[in-house]
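Coordinate analysis (summary)
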Amino acid sequence: MPDLGLDVLFKGSNFLRLLEGLSEAAKISLIAIAISIPVGLLVGVLMTSKNIILKVLFRVYLETIRIMPQLVLLFIVFFGTTKTLGWKLDGETASIIVFSLWGVAEMGDLVRGSLVSIPKHQYESSKALGLSKNQTFLYVIIPQTVRRMIPLSINLITRMIKTTSLVLMIGVVEVLKVAQQIIEANRMSSPNAAFGVFLMVFLLYFVLCFVISSIAGMLEKRWS
Amino acid sequence: MKTFTKVLATALTAAIGFSLVGCAANSSEEDHIYRTLDEIQESGVINIGVFSDKYPFGYVDENGSYQGYDVYYANRIAEDLGVEVNFVSTEAASRIEYLETGRVDVVLANFTVTAEREEVVDFANPYMNVALGIVSREDNVITSLDNWNPDDSIIVISGTTAETYLIENYPDIPLQKFDSYATAKEAFENGTSAAWANDNTEVIAFAIENEGYVVGIPSLGSQDTIAAAVTSGNESLLNWLNDELVTLGTEDFFHADYEATLIDVYGADYEDELVVEGGVI
């Protein structure tokens, strides 16, 4: 069997370090997601408002975040705020801010999309039944929206988890960085370690994303 | 719903307003972004930017602690300053940004001194030499690139200084380009090319690790140096680092550093060629 460098994974505390790296990636993405979901819901509702100023404001926000590569956003928040405002955010905080800004924008757009996709007769029927506007939202529109949003949100969440690999650029040691450290530290003794180590990284990301999509699948079934 | 939207819009505007006021107050607080020598000693911690994945200069061992030639030096700096050291994992691409924003006090990340970089950061005196090197097989040692046999090629790793140097200075020599160290190594070992050009530290290490290879050209192209860098304008720290280099020179500190961290990779033969003592080449 060819040397895949799997032994490197279990040298010293290497495997534990990979897991710590994974928990760092999970921490950043999960906190950002926890912020994105409620705030995104709010933003999404506001996006459907008829107030032109609000509409423009959120449109500009969404497009800016969408157009900018996440790496650029990370650099702006991490280095840019120090240069212009004198803040010294640590890498983790800067990452959470960027991922939340991104998550809120995208989640908001998903909510907006789901809201406008609810047929008009749903609103009209509610009105005919004598429900107030708030009741219509609470009992009729929101439950339907949430159900439509789950698969879309999972797509966003897994994308956010995978994008945490960029935070190594601002000094946050997450799973991919630990993998590079392990490969490089053993470059001379086992030059093929890259395969084994990246295979493990793949499995770790897979497990993390799989757990999340399974939970979502369960929710989707229960609420349908 | 309408009143709700209104309340939210007001709150949002207020939040933006407050954050702007906050920014204005913050930016006038400091007149320099870096920390002076006194400020570092007062805080009890020095932040040093190092590589965490460049064996054997700055890397993290299997127990999770920083090791390597640069790290050995960094530990000594902290010890002589009487402070704790906080290692910050930096990338080649963001080393300058870290200094410009004062997030680290010193960068010790195998930082080659170049004219462009000198414009934006302040380099201390050097502590190591670096140049290109060429490794070839024992039975066909290449000691010069002149009169090159056009049927032979040289292996390079894409994006390295070796590639740019050879394209500029020896455009007639065919190159075989590889993306990673591992693939270049495999190709060279399988005999696809007569020679392999890379940083001299890399080729020296290769020749020592593998039987049957000789570094015929240990130093090619311009001789560059590696030095510590501080934020532009941080004179107190820069002067201290230069004085420290002189003191360390009297005890041959970097020879000891070499023997502790690099000798397994580069062997004893290149010690004097690579090490710079006292900050003087």
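Residues numbered from 1 in each chain as written. Chains lettered and ligands numbered in written order. Predicted model: local features only at pLDDT ≥ 70, side-chain atom pairs only at ≥ 80, totals over all residues. Heavy atoms only, no water.

**Structural notes on the overall build of chain A**
Regarding its fold elements, chain A presents 9 helices and 0 strands. Reading the helices (α) and strands (β) of chain A from amino to carboxyl end gives α-α-α-α-α-α-α-α-α. A globule of 224 residues ought to have a C-alpha radius of gyration of about 17 Å, yet chain A, at 22 Å, is considerably larger. Principal-axis analysis of the C-alpha atoms places the extent of chain A at approximately 75 × 45 × 20 Å. The 224 residues of chain A split such that 47% are buried. Residue pairs at least 24 apart in sequence account for 77% of intrachain contacts in chain A once pairs closer than 6 positions are excluded. Total accessible area on chain A is roughly 11,100 Å²; 70% of this is exposed by carbon and sulfur atoms. Taking the average location of the 21 positive side-chain charges in chain A and that of its 13 negative ones, the two points are 12 Å from each other. (Helix = DSSP H or I, 4+ residues; strand = E, 2+ residues; numbered from the N terminus. Rg over C-alpha atoms; globule rule 2.2 N^0.38 Å. Buried < 20%, exposed > 50% of the residue type's maximum accessible area, 1.4 Å probe, protein only. Contact = heavy atoms within 4.5 Å. Areas by Shrake-Rupley, 256 points an atom, 1.4 Å probe, with all protein chains shown as cover. Lys, Arg positive; Asp, Glu negative; His and termini not counted. Charge placed at Lys NZ, Arg CZ, Asp CG, Glu CD.)

**Brief notes about the overall build of chain B**
Scanning chain B from terminus to terminus reveals 12 helices and 11 strands. Accessible surface for chain B amounts to roughly 12,900 Å². Of this, 48% is attributable to carbon and sulfur atoms.

**Some remarks on the interface of chain B and chain A**
Between chain B and chain A, the contact holds 37 residues from the first and 36 residues from the second. In total, about 3,400 Å² of surface goes out of reach between chain B and chain A, with carbon and sulfur atoms giving 63% of it. Joining chain B to chain A, the criterion identifies 4 salt bridges. Here Lys177(A) and Asp53(B) are joined by a salt bridge, their closest N and O atoms 3.1 Å apart. Applying the counting rule to chain B against chain A returns 13 residue pairs in polar contact (both at pLDDT 80 or more). Of all the elements in the fold, those that place two or more residues in the side of chain B that touches chain A are helix H1 (2–27), strand S2 (53–54), strand S3 (58–60), helix H4 (95–100), helix H7 (181–189) and helix H8 (200–209) of chain B. The element contributing the most residues to the side of chain B that touches chain A is H1(B), with 8 residues. (Buried area = accessible area lost by both parts, 1.4 Å probe. Salt bridge = Lys/Arg side-chain N within 4 Å of Asp/Glu carboxyl O. Polar contact = N/O pair within 3.5 Å; in protein donor to acceptor, adjacent residues only side chain to side chain.)

**With respect to the domain arrangement of chain B**
All names here are of chain B. Domain boundaries assigned for chain B yield domain 1 (33–129 + 225–274) and domain 2 (131–223). Computed over C-alpha atoms, the centres of domain 1 and domain 2 are 29 Å apart. In this complex, domain 1 contributes 11 residues to the contact, which on the side of domain 2 involves 10 residues. Both faces combined, the contact of domain 1 with domain 2 buries some 810 Å², and carbon together with sulfur accounts for 64% of it. Joining domain 1 to domain 2, the criterion identifies 0 salt bridges. Summed over the shared surface of domain 1 and domain 2, the result is 0 residue pairs in polar contact (both at pLDDT 80 or more). Listing elements by their share of the side of domain 1 that touches domain 2, those giving two or more residues are strand S7 (121–137), helix H11 (263–266) and helix H12 (271–274). If one sorts the elements of the side of domain 1 that touches domain 2 by residue count, H11 sits on top with 3 residues. Considering only residue class, the side of domain 1 that touches domain 2 consists of 6 nonpolar, 3 polar and 2 charged. (Domains from an automatic or database assignment. Nonpolar A, V, L, I, M, F, W, Y, C, P; charged D, E, K, R; others polar.)

**Quick word on the environment of Glu220(A)**
All names here are of chain A. Here glutamate 220 lies in helix H9 (residues 193–223). Taking relative accessible area as the criterion, glutamate 220 reaches 31% and is therefore assigned partly exposed. When the C-alpha atoms of glutamate 220 and glutamine 180 are compared, they prove to be 37 Å apart, with 40 residues separating the residues in sequence. Other than its neighbours up to four places away in sequence, glutamate 220 contacts Ile150 and Pro151.

**Focus on the layout of surface pockets**
All names here are of chain B. If you add up the space inside the largest pocket, you get close to 1,500 Å³. If you go around the largest pocket, you meet 48 residues; those closest to its centre are Lys54, Thr160, Asn198, Asp199 and Glu202. Looking at the lining of the largest pocket residue by residue, the classes come out as 21 nonpolar, 15 polar and 12 charged. Here the lining of the largest pocket spans two domains, and each of domain 1 (33–129 + 225–274) and domain 2 (131–223) adds at least three residues to it. (1 Å grid on protein atoms, 1.4 Å probe; cavity = no way out; pocket = protein on both sides within 12 Å on 5 of 7 lines; lining within 4 Å. Points joined across faces, edges and corners; volume = space filled by probe spheres on them.)

**Focus: the pattern of salt bridges**
Summed over the entire model, instances satisfying the criterion amount to 16 salt bridges over all chains. Among the salt bridges present, the one from Glu106(A) reaches Arg159(A), with a minimum N-O distance of 3.6 Å. With Glu106(A) in helix H5 (residues 91–117) and Arg159(A) in helix H7 (residues 133–163), this pair connects stretches of sequence that are 53 residues apart. The class of Glu106(A) is buried, set by a relative accessible area of 12%. Relative accessible area serves as the criterion here: at 34%, Arg159(A) is assigned to the partly exposed category. As a salt-bridge pair, Asp53(B) and Lys54(B) come within 3.3 Å of each other at their nearest N and O atoms. Residue classification places Asp53(B) among the buried residues on the basis of a relative accessible area of 5%.

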